Amino acid sequence: MSSLINCPDCNHEILSRLGTVCPECGHTVGYFDGDKKRKIYGKFFALTIFVPFISFITILFASQNKYTMYIGIAIFFYLAIKSCPLLFKNILFSKFEKIFFWFIWILSNSLLFSMIISVLRKGFEA
Ligand SMILES: [Zn+2]
């Protein structure tokens, strides 16, 4: 599965495989180098980890009052859609990764959603 890429430091053609050392400049191929797919994959992975965290903090602060809460809910939906595994189908996940990412996405978003519901139920002081 090793294709050729251009070294990000000196543009010499090298293998895209992780850990490949460029013979020209000594650059070591890292996880986020080369392959565009791998870059998107890295971005997606970061989204999966950070989005629920950001949403959680947003909702936590937004729950102060009704109006900030509306904004918090909008941000939650926006981020949930942006980080949906459906948008990253072209990265060709393995079966395990597919299940893993969908599981994380559904779990974190349903937890956040129930957090929103409980804030709304509790209501706000006038
Ligand atoms: Zn190089």
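Residues numbered from 1 in each chain as written. Predicted model: local features only at pLDDT ≥ 70, side-chain atom pairs only at ≥ 80, totals over all residues. Heavy atoms only, no water.

1. As for empty space enclosed by the protein
Reasoning step 1: Scanning the entire structure with this criterion turns up one cavity of 30 Å³ or more.
Reasoning step 2: The calculated volume of the largest cavity comes to roughly 40 Å³.
Reasoning step 3: Around the largest cavity, the lining residues are Thr48, Val51, Pro52, Ser83, Trp105, Ser108, Asn109 and Leu112.
Reasoning step 4: Counting residues per element, the lining of the largest cavity draws most heavily on helix H3 (residues 95-122), at four residues.
Reasoning step 5: A per-class count over the lining of the largest cavity returns four nonpolar, four polar and no charged. (1 Å grid on protein atoms, 1.4 Å probe; cavity = no way out; pocket = protein on both sides within 12 Å on 5 of 7 lines; lining within 4 Å. Points joined across faces, edges and corners; volume = space filled by probe spheres on them. Helix = DSSP H or I, 4+ residues; strand = E, 2+ residues; numbered from the N terminus. Nonpolar A, V, L, I, M, F, W, Y, C, P; charged D, E, K, R; others polar.)

2. Looking at the nonpolar core
Reasoning step 1: Among the nonpolar cores identified, the biggest contains nine residues, and these are Ile59, Ala62, Met69, Ile73, Phe76, Leu112, Met115, Ile116 and Val119.
Reasoning step 2: When residues of this core are traced back to their parent elements, those giving at least two are helix H1 (36-62), helix H2 (66-82) and H3.
Reasoning step 3: Per-element accounting of this core gives the leading share, four residues, to H3.
Reasoning step 4: Setting aside chain neighbours within four positions, we find Ile73 in contact with Ile116 and Leu120. (Core = buried A, V, L, I, M, F, W, Y, C linked by side-chain atoms within 4.5 Å. Buried < 20%, exposed > 50% of the residue type's maximum accessible area, 1.4 Å probe, protein only. Contact = heavy atoms within 4.5 Å.)

3. Notes on the UniProt feature "transmembrane region" (unreviewed entry) in the protein chain
Reasoning step 1: Listed under "transmembrane region" (unreviewed entry) in the UniProt record, and renumbered for this structure, are residues 44-63, 69-88 and 100-120.
Reasoning step 2: Between the first and last C-alpha atoms of residues 69-88 the distance is 29 Å; the span itself is 70% helix and 0% strand. (UniProt positions renumbered as here; feature names shortened; annotations may be inferred.)

4. Things to note about the packing of aromatic side chains
Aromatic rings considered in pairs are described by the distance between their centres and by the relative angle of their planes.
Reasoning step 1: Throughout the structure, instances matching the rule amount to 11 aromatic pairs.
Reasoning step 2: Between Phe96 and Phe100 the ring centres are 6.0 Å apart and the planes differ by 20°, which places this aromatic pair in the stacked class. Linking Phe96 with Phe100, this pair stays in helix H3, spanning four residues, or about one helical turn.
Reasoning step 3: Relative accessible area serves as the criterion here: at 31%, Phe100 is assigned to the partly exposed category.
Reasoning step 4: Between the aromatic rings of Trp102 and Trp105, the centroid separation amounts to 5.6 Å while the plane-to-plane angle is 90°, which identifies the pairing as edge-to-face. You can see Trp102 and its partner Trp105 sitting in helix H3, three residues apart, about one turn around the helix. (Phe/Tyr/Trp six-rings, centres within 6.5 Å; stacked < 30°, edge-to-face > 60°.)

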